[in-house]
Amino acid sequence: KDFEIKTMTQPYESFGGRIKEQSSEYYTRVAERLRHKQRGITIRDYEHLVLEEFPAIYKVKCINHTSRYSEYAPGNVSVVVIPYFKNKNEKNPFELKVSKAKLSEIRRFLVKLNSPFVNLDVRNPKYEPIRVHFGVEFHIGYDRTFYENQLNEEIKEFISPWAFGKEEDIIFGGKINHSIILNFIEERPYVDFVTGFRMYQQENENKAEVEVLVAEGTTASSVLVTALDHIIEEAQCDLVEVSGGDGG
């Protein structure tokens, strides 16, 4: 240990590294090699071959009879990859993407091992952001500016917990009911009540957001993620004047 160095940090992503293989990992690798024999035949083979060869890949989903443009394409195989999300410096930390160069590298690796009659496509997931829009009133004594920001961050963490270091996995497809998010907001100790709650889903960046009651992945390669920011406004309470009759 060098006492002249106080701390070390790594704010940016590393690349091309692999830790020393442990005994448990060795037996896992050997067992998988004996199973797929370094050939891509089944869905499991594709997934484990990629995970073993590319340590920077966190999760792989292989979808048969599916192309980039259709989920009914016999003879096509799609491999959807998600990179590790630690020390990432993405513009949008909730939409993790592998570079085009790495996707091409993964494809070249798999093409050597799979059937020549398969049309192979390696791509990133289809991220579909979810945004909520509502009015909120906080309990007396809670600063509005501070707790609006805190509520915004807590909603993002609730929808995409893996991006905040939680143990929850990234799920392909998935479904989120707007009542679940509304209940989460109402349970915050600083929230008094919520009005006009609405949830929107954006299928892709070229389409407008659509109001939904249940957000659900539109394809097998879709991943539901939180939007970068949610719209939180001051609660609007419409007061209705009720007047009695002559004898009221």
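Scroll up for the structure.
All residue numbers here refer to positions counted from 1 along the written sequence of the relevant chain. This being a predicted model, a pLDDT of at least 70 is required before a residue's local features are given, and a value of 80 or more before pairs of side-chain atoms are given or counted; all residues contribute to the totals for chains, interfaces and linings. Hydrogens and water molecules were not included; the side-chain quantities draw on all heavy atoms of the structure.

Draft legend 1. Representation of the overall build of the protein chain. Of regular secondary structure, the protein chain possesses five helices and 10 strands. When the backbone C-alpha atoms are referred to their principal axes, the protein chain occupies close to 90 × 60 × 30 Å. In this description, contact between two residues means that some pair of their heavy atoms is separated by no more than 4.5 Å. The contacts of the protein chain with a sequence gap of at least 6 include a subset with a gap of at least 24, amounting to 67%. For the protein chain, the exposed area adds up to about 16,300 Å²; of that, 51% sits on carbon and sulfur atoms. Neither His nor the chain ends contribute to the count of charged residues, in which Lys and Arg are positive and Asp and Glu negative. Working definition for charges: the position is that of NZ of Lys, CZ of Arg, CG of Asp or CD of Glu. For the protein chain, the centre of its 32 positive side-chain charges and the centre of its 39 negative side-chain charges are spaced 14 Å apart. Labels follow the DSSP assignment, with helices taken as runs of H or I lasting at least four residues and strands as runs of E lasting at least two, numbered in each case from the N terminus. Residue-level accessible areas treat just the shown protein chains as cover; the underlying method is Shrake-Rupley with a 1.4 Å probe.

Draft legend 2. Up close: the side chain of Gln201. Summarising the element assignment, Gln201 is placed in strand β6 (residues 191-201). Think of it in three bands: residues with accessible area under 20% of the maximum for their type are buried, residues over 50% are exposed, and the middle band is partly exposed, with areas taken using a 1.4 Å probe on protein chains only. Its relative accessible area of 9% is what places Gln201 among the buried residues. Looking at Gln201, its side chain comes within polar contact range of the main-chain oxygen of Glu216, at 3.0 Å. Residues in contact with Gln201, not counting those within four places in the same chain, are Glu128, Pro129, Ala208, Glu209, Val210, Val212, Val214, Ala215, Glu216, Thr218 and Leu224. Polar contacts, as used here, are pairs of N or O atoms within 3.5 Å; protein pairs need one atom able to donate a hydrogen and one able to accept it. Residues neighboring in sequence count only if both atoms are side-chain atoms.

Draft legend 3. Up close: the pairing of strand β4 (residues 126-138). Burial of β4 is extensive: 10 of the 13 residues sit out of reach of the surface. Only strands that DSSP links by at least two bridges are regarded as paired with each other. Where β4 lies against strand β9 (residues 222-226), five bridges are found, and the strand directions are parallel. Along β9, the bridge assignment pairs Ile130 with Thr226. Here β4 pairs with β6 via eight bridges, running antiparallel. When the bridges of β6 are listed, Val132 appears paired with Met199. Across four bridges, β4 lies against strand β10 (residues 231-234) in parallel orientation. What sits directly across from Phe134, in β10, is Ile232.

Draft legend 4. Seen up close, the environment of Val122. Within the element layout of this structure, Val122 appears in strand β3 (residues 119-123). Judged by its relative accessible area of 6%, Val122 falls in the buried class. C-alpha separation for the pair Val122 and Val81, spaced 41 residues apart in sequence, amounts to 7.5 Å. The contact partners of Val122, leaving out residues within four places of it in the chain, are Arg68, Val79, Leu103, Ile106, Arg107 and Leu110.

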